[in-house]
Amino acid sequence: MAGVSDAGTLEGDASAEEREAAVHDVVQTIARTTFDLDAVLQTVIDRAVRLCRADTGNIARHDGDTDEYRIAAFTSMTPEYERLVRERVYVPEQGSIVGRTLLHKQVVHIQDVLEDPAYALPDLQRLAGYRTALGVPMMRDGEPIGAIAVARNEVRPFSDAEIRLIETFADFVVIAIENVRLFQTVERQKTELARFAPQAADLLSSNEGEQLLAAHRQEITALFFDLRGFTAFAETAEPEEVFRILREYHTAAGEEVVANGGTIEHFAGDGLMAFFNDPVEIDDHELAAVRSAATLAERFTTLAADWRKRGYDLGLGIGIATGYATLGRIGFEGRYEYGAIGNAVILASRLSDAAAPGEILLSQRTDASLEGRIATEPVPVLRLKGFTRPVVVMRLVGLSG
């Protein structure tokens, strides 16, 4: 194995202006693409081969969680050579320019592969005809995530300037791969959040969203749904049937909450929590929560009738409370939710626990804010877990308008 060439800039090297233009071209490609890594890799290898006066070139990338690498971009190859290169799996080893670069985690410069006793790809060499080969690792956190390889069909070592250029390109590819990884992470987080809070999902990529995703205070109306008879049902029903009924229930509840501008914080088996007025403010968030509850209660009547035909007796208790809460993104990398913490959340949960099947219980504050727009009736003062004093509660009878 020959070391990095000590030769100066050879005659025929790309000019400084050409190199600068190529670097600019690669940077612009990275800036234009969000997740199209193939476009970046192809731009890099095309420019690398042209500027280094090479005959062929390729970029190998780490393949999943294994210690294997595959060619992700190439240039100036015949169809047969391309096929063989694409089919080949590279690992850190001495027998190829890519494998050797990955093994040593540094630049590898073979001045003549025919004179290199460790080189072990004679079939590829005969097909392509290359003699001088250069490999540059793409390093992240001290480990190779791939390599750029270029080759010439004559014995002509690459110059220091050409090697530095390929090293620069390798750094750019690492940046591009990291950008794609971060973009995919954000998209995955948005997808996860969208299952619970479509409004919160969009905040991840907005300028104003960072403040909202951090902890902040806001008045909300919290809404809890809780299935009655679920434990007994789950103990006797087949798991597939349990999941089927939960899907039907969650779908109905989720559709009503989202349709009224609410944010679903979580599904917890037979329970579901949602809140209104954050991250997007709603003028009548109390009414939006009550409408969601009332509409779901109507839909649930049909669902429950169908379940009874199958031998399952399930009811729905609903609790609603209004008050200030602390909200923001909670969780960890790759598994975020948008959550709320506060007395209103606790009260809504306790009201759903106390509600009889088919009953919608409202906190006194929620009821007062909707005076004249909903019909309610008082229920006996409740003593709820976590509250030292009895709680005044109202039962929803119907919507007035």
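Structural data are supplied above this passage.
As the structure is a prediction and not an experimental result, all values here were calculated from the model. (Residues numbered from 1 in each chain as written. Predicted model: local features only at pLDDT ≥ 70, side-chain atom pairs only at ≥ 80, totals over all residues. Heavy atoms only, no water.)

Asks: For this particular structure, what's the right way to read the packing of aromatic side chains?
Replies: Two aromatic rings, taken as a pair, are described by how far apart their centres are and by the angle between their planes. If you walk through the whole model with that rule in mind, you get 5 aromatic pairs. Note on tyrosine 81 and tyrosine 130: the rings are 6.4 Å apart at their centroids and 35 degrees apart in plane angle, and the pair reads as tilted. Here tyrosine 130 lies in the loop between helix 5 (122-128) and strand 4 (132-140) and tyrosine 81 lies in helix 3 (residues 79-87), a separation of 49 residues in the sequence. Relative accessible area serves as the criterion here: at 6%, tyrosine 81 is assigned to the buried category. Judged by centre distance (6.3 Å) and plane angle (85 degrees), the ring pair of tyrosine 119 and tyrosine 130 falls under edge-to-face. Of the two residues, tyrosine 119 sits in the loop between strand 3 (108-110) and helix 5 while tyrosine 130 sits in the loop between helix 5 and strand 4, which places them 11 residues apart along the sequence. Under the relative-accessibility criterion, tyrosine 130 is labelled buried at 5%. Through a chain of ring-to-ring contacts, the aromatic side chains of Tyr81, Tyr119 and Tyr130 assemble into a single cluster. The positively charged end of arginine 88 is found above the aromatic ring belonging to tyrosine 90, 5.1 Å away from the centroid. For the cation-ring pair, arginine 152 lies above phenylalanine 158, with the distance from its terminal atom to the ring centre recorded as 4.0 Å. (Phe/Tyr/Trp six-rings, centres within 6.5 Å; stacked < 30°, edge-to-face > 60°. Helix = DSSP H or I, 4+ residues; strand = E, 2+ residues; numbered from the N terminus. Buried < 20%, exposed > 50% of the residue type's maximum accessible area, 1.4 Å probe, protein only. Lys NZ or Arg CZ within 6 Å of the ring centre and 35° of its normal.)

Asks: Please explain the layout of surface pockets as it appears in this structure.
Replies: Of the volumes computed, that of the largest pocket is approximately 240 Å³. Lining the largest pocket are 11 residues, with Arg61, His62, Arg140, Ile177 and Arg181 positioned closest to its centre. For the lining of the largest pocket, the elements supplying multiple residues, two or more each, are strand 1 (56-62) and helix 6 (160-194). Sorting elements by how many residues they give to the lining of the largest pocket places helix 6 first, with 4 residues. When grouped by side-chain class, the residues that make up the lining of the largest pocket number 4 nonpolar, 3 polar and 4 charged. Every residue lining the second largest pocket is listed: Thr322, Gly323, Tyr324, Asn343, Ala344, Leu347, Ser363, Gln364, Arg365, Val391 and Val392. Where the lining of the second largest pocket is concerned, the elements lending two or more residues are strand 9 (315-332), helix 12 (343-354) and helix 13 (364-369). A class-by-class count of the residues in the lining of the second largest pocket yields 5 nonpolar, 5 polar and 1 charged. (1 Å grid on protein atoms, 1.4 Å probe; cavity = no way out; pocket = protein on both sides within 12 Å on 5 of 7 lines; lining within 4 Å. Points joined across faces, edges and corners; volume = space filled by probe spheres on them. Nonpolar A, V, L, I, M, F, W, Y, C, P; charged D, E, K, R; others polar.)

Asks: Got a minute to help me understand unusual backbone geometry in this structure?
Replies: Peptide bonds are mostly trans, and most non-glycine residues show a negative phi. Following aspartate 278, the chain continues into proline 279 via a peptide bond in cis, with omega recorded as 5 degrees. Within the chain, arginine 53 stands out as a residue other than glycine whose phi angle is a positive 55 degrees. Looking at the secondary structure, you find arginine 53 in the loop between helix 2 (37-51) and strand 1. The phi dihedral of lysine 105 is positive, around 60 degrees, even though this residue is not glycine. Locating lysine 105 in the fold gives a position in the loop between helix 4 (97-104) and strand 3. By relative accessible area, which is 37% here, lysine 105 ends up partly exposed.

Asks: How should the pairing of strand 1 be read in this particular structure?
Replies: For a regular strand, side-chain orientation follows a simple rule: the groups alternate between the two sheet faces. Counting buried residues in strand 1 gives 5 out of 7 residues, a clear majority hidden from the surface. When strand 1 meets strand 5 (residues 143-152), the two strands line up antiparallel, connected through 6 bridges. Along strand 5, the bridge assignment pairs asparagine 58 with alanine 149. Note: strand 1 against strand 2 (residues 69-75), 6 bridges, orientation antiparallel. In the sheet register, histidine 62 faces strand 2, and the bridge partner there is tyrosine 69. The turn joining strand 1 and strand 2, which pair antiparallel and follow one another in sequence, is formed by 6 residues; a positive phi near 70 degrees is taken by glycine 64. (Pairing = 2+ DSSP bridges.)

Asks: Explain helix 4 to me, please; I cannot follow it from the model alone.
Replies: Residues spaced three or four apart along an α-helix face the same direction, because each turn holds 3.6 residues. Most of helix 4 is tucked away: 6 of the 8 residues are buried. Within helix 4, the full set of buried residues consists of Ile97, Val98, Gly99, Arg100, Thr101 and Leu102. Backbone geometry just downstream of helix 4 places lysine 105 in the positive-phi region, at approximately 60 degrees.

Asks: Looking at this structure, how should I read the environment of leucine 37?
Replies: Along the chain, the position of leucine 37 falls in helix 2. Classification of leucine 37 as buried rests on a relative accessible area of 7%. In this view, leucine 37 contacts Arg61, Ala176, Ile177 and Val180; residues no more than four positions away in its chain are not counted. (Contact = heavy atoms within 4.5 Å.)

Asks: How should I be thinking about the pairing of strand 11 (residues 360-363) in this particular structure?
Replies: Residues Ile360 and Leu362 of strand 11 are buried on one face, and the alternating residues Leu361 and Ser363, pointing to the opposite face, are buried as well. Bridge count for strand 11 against strand 13 (residues 393-399) is 3 bridges, and the pairing is antiparallel. In the sheet register, leucine 361 faces strand 13, and the bridge partner there is arginine 395.

Asks: Where do I start with empty space enclosed by the protein in this structure?
Replies: Gaps left between atoms show up when a probe the size of a water molecule is rolled over them. If you walk through the whole model with that rule in mind, you get 1 cavity of 30 Å³ or more. Approximately 160 Å³ is the volume found for the largest cavity. In terms of lining, the largest cavity is formed by 16 residues, of which the most central are Asn58, Tyr81, Ile97, Tyr119 and Tyr130. Mapped by element, the contributors of at least two residues to the lining of the largest cavity are strand 1, helix 4 and strand 5.

Asks: Would you mind showing me how to read the side chain of aspartate 278 here?
Replies: Secondary-structure assignment places aspartate 278 in the loop between strand 8 (271-276) and helix 11 (285-309). Within the buried core, aspartate 278 has no salt-bridge partner, and the shortest N-O distance to an opposite charge, that of arginine 217, equals 11 Å. (Lys, Arg positive; Asp, Glu negative; His and termini not counted. Salt bridge = Lys/Arg side-chain N within 4 Å of Asp/Glu carboxyl O.)

Asks: Mind showing me how you'd approach the pattern of salt bridges here?
Replies: A side chain of one charge can pair with a side chain of the opposite charge if their charged atoms are brought near each other. A complete count under the given rule lists 21 salt bridges for this structure. A salt bridge links arginine 244 to glutamate 248, with the shortest nitrogen-to-oxygen separation between them at 3.5 Å. Remark: glutamate 248 and arginine 244 occur in helix 10 (residues 239-259); sequence separation between them is 4 residues, near one turn of the helix. A relative accessible area of 23% places glutamate 248 in the partly exposed class. Residues arginine 299 and glutamate 256 are paired through a salt bridge, measuring 2.8 Å at the closest nitrogen-oxygen approach. Placement of arginine 299 in helix 11 and of glutamate 256 in helix 10 is noted, with a sequence separation of 43 residues between them. Looking at glutamate 256, the relative accessible area reads 11%, which means it is buried.

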